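Single-letter residue listing:
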Amino acid sequence: MYENMRISRRNFTLGAIALAAQMGIGSVRAEEVISTLVGFPAGGAIDTTARVYANAMKKHATFVVENRAGAAGNIAASSLAKARLNGNTIMFAPVNVYSISQSLYSNLQFNVEEDFAPVGLVAQFPWALAVHPDVPANNLSELILWLKKNQEKAICGMGAIGSEGHMMAYVFSKVAGVSLNFAPYKGGAPMAQDLMAGHIPMGFDPIVNLVQPHKAGRLKILAITSEERSSLVENIPVFNELGFPLSTGNTWIGVSVRKGTDETKINKLSSVLNEAARQSEVREKLAVQGLVTLQSSPEDMKKTIEHDAKRYASLIQEIGLKIN
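Here, residues in each chain are numbered from 1, in the same order as that chain's written sequence. Restriction of local features to residues with pLDDT of at least 70 applies here, the model being predicted, together with a cutoff of 80 or more for giving and counting side-chain atom pairs; totals for whole chains, interfaces and linings are based on all residues. Only hydrogens and water are set aside; all other atoms, that is, all heavy atoms of the structure, feed into the side-chain values.

(A) How the structure looks around the pattern of salt bridges. A pair is scored as a salt bridge if a Lys or Arg side-chain nitrogen falls within 4 Å of a carboxyl oxygen belonging to Asp or Glu. With the rule as written, the count across this model stands at nine salt bridges. One salt bridge connects Glu275 with Lys59, and the closest N-O pair in it is separated by 3.2 Å. Linking Glu275 in helix α11 (residues 263–277) with Lys59 in the loop between α3 (45–56) and β2 (62–67), this pair joins segments that are 216 residues apart in sequence. Note on exposure labels: buried denotes an accessible area under 20% of the residue type's maximum, exposed denotes more than 50%, and partly exposed covers the range between, all computed with a 1.4 Å probe on protein chains only. Residue classification places Lys59 among the exposed positions, given a relative accessible area of 56%. One salt bridge connects Glu241 with Arg229, and the closest N-O pair in it is separated by 2.9 Å. Of the two residues, Glu241 sits in the loop between β8 (220–224) and β9 (250–258) while Arg229 sits in the loop between β8 and β9, which places them 12 residues apart along the sequence. In this description a helix means any DSSP run of H or I spanning at least four residues, a strand means any run of E spanning at least two, and both kinds are numbered starting from the N terminus.

(B) Representation of the packing of helix α9 (residues 188–197) against helix α10 (residues 207–215) within the structure. In this analysis, axes come from line fits to C-alpha atoms, helices being fitted only over the stretch in contact, and the angle between any two N-to-C directions falls in the range 0 to 180 degrees. α10 packs onto α9 with a crossing angle of 30° between their chain directions and a minimal axis gap of 9 Å. In terms of their interaxial angle, α9 and α10 are classed as roughly parallel. The handedness of the crossing between α9 and α10 comes out as right-handed. Contacts from Gly188, Ala189, Ala192, Leu195 and Met196 of α9 reach α10 at Asn209, Leu210 and Pro213. Counted by class, the contact of α9 with α10 contains six nonpolar, two polar and no charged residues. Each angle is binned into one of four classes, with values under 35 degrees roughly parallel, values over 145 roughly antiparallel, values of 65 to 115 roughly perpendicular, and all other values oblique. Whether a crossing is left-handed or right-handed is set by the direction in which the near helix is turned from the far one by less than a right angle, anticlockwise for left-handed and clockwise for right-handed. Note on contacts: a residue pair is in contact if any heavy atoms of the two residues lie within 4.5 Å. Amino acid classes used here: Ala, Val, Leu, Ile, Met, Phe, Trp, Tyr, Cys and Pro are nonpolar; Asp, Glu, Lys and Arg are charged; the rest, including Gly, are polar.

(C) Spatial organisation of empty space enclosed by the protein. Computed over the protein atoms alone on a 1 Å grid, cavities are sets of points where a 1.4 Å probe fits but cannot get out and pockets are open sets with protein on both sides within 12 Å along at least five of seven lines; a residue lines them when it has an atom within 4 Å of a point. Grid points are joined across faces, edges and corners, and a volume is the space filled by probe spheres set on the points. The tally for this structure, following the rule as stated, stands at two cavities of 30 Å³ or more. In this structure, the largest cavity encloses a volume near 170 Å³. Lining the largest cavity are 18 residues, and of these Phe40, Ile46, Trp127, Gly188 and Pro206 sit closest to its centre. When contributions to the lining of the largest cavity are tallied by element, the ones reaching two or more residues are α3, β4 (116–131) and β7 (202–206). Residue composition of the lining of the largest cavity, by class: nine nonpolar, eight polar and one charged. Considering only enclosed or pocket space, the second largest cavity measures out at about 40 Å³ in volume. Around the second largest cavity sit Val119, Gly120, Leu121, Val122, Ser270, Leu273, Asn274, Ala277, Leu294 and Ser296, which together line it. Of all the secondary structure elements, the ones that give two or more residues to the lining of the second largest cavity are β4 and α11. Its residues placed into classes, the lining of the second largest cavity shows six nonpolar, four polar and no charged.

(D) Representation of the packing of aromatic side chains in the model. Aromatic pairs are defined between Phe, Tyr and Trp rings, using the six-membered ring for Trp, whenever the two ring centres lie within 6.5 Å; interplanar angles under 30 degrees are classed as stacked, those over 60 as edge-to-face, and all others as tilted. If you walk through the whole model with that rule in mind, you get 10 aromatic pairs. Here Tyr98 and Phe116 contribute two aromatic rings whose centre-to-centre distance is 6.4 Å and whose plane-to-plane angle is 85°, an arrangement assigned as edge-to-face. Of the two residues, Tyr98 sits in helix α5 (residues 95–104) while Phe116 sits in strand β4, which places them 18 residues apart along the sequence. Across the pair, exposure class does not vary: Tyr98 and Phe116 are buried alike. Centre to centre, the rings of Phe239 and Phe244 are 6.4 Å apart; their planes meet at 85°, and the pair counts as edge-to-face. Overall, the relative accessible area of 0% leaves Phe239 in the buried class. With relative accessibility at 10%, the residue Phe244 sits in the buried group.

(E) Looking closely at unusual backbone geometry. The phi angle at Ala71 is positive, at roughly 55°, despite the residue not being glycine. Along the polypeptide, Ala71 turns up in the loop between β2 and α4 (74–81). The phi angle at Ala72 is positive, at roughly 55°, despite the residue not being glycine. Mapped onto the elements of the fold, Ala72 is located in the loop between β2 and α4.

Below, the structure is given as structure tokens:
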């Protein structure tokens, strides 16, 4: 009797594999450790998004967030370009890494088209222009007048040179007729700290880094880049309604892996990201920071990268900006 009930190790293993396939697991497994690269310091919009998603996806795998800050996210991107082709290294990065850096930097250690495989878009956020409380300006008109009278103080902090925020800030300065000296930082969080301390008079940064200090009176947000006003700061106007339509837009955050990764793994990762984006807890945690979750496919992200690459290439050429 016992002999008939005995299951060989080989049959048990085959059965387990079949069951895993039926359940749709096996491409991303709970025991896997997936290195999650973020090219910006902890506390910023990209880092926040990566950590919220990593926590939401932990039942599928262990996603370990690694901050490799610097060069507007390009250091992390260079790491991804050298990663193994097993899909166990992913990168959360904004539009500038995927669609701006290629036209802006002359000595990149990666090529977006040749080195990265899109997985999907996961979130978007607006930028905000803020000033230190000591700056005598409570709206854009007053800020422009102050800048024109105090050219030596016209220093604008930037989380990263070459970011989408930098592009919009540049357009704003040209339309407003003011010359801004941009002070680059390794990320939005350290820039916001210097702005609150009064080391710089103004800054252009993701809203995630500026909302709470604004509400605490440690800085003043004067305008944001979204199409409509944000529920986080309903009394703050958008650039578009103030006559600066070119300084309007949201930055998207996308996830990618090393190109050459198995398509089954890419599609599974995309499915896991979309599943996380549908969770109310994820949406709520990001909404508090001014971020909106997105659901998309690898093809959606590919098309978005290509579209924005063309758009920003012409703007960079117009600006005449090039970084070695």
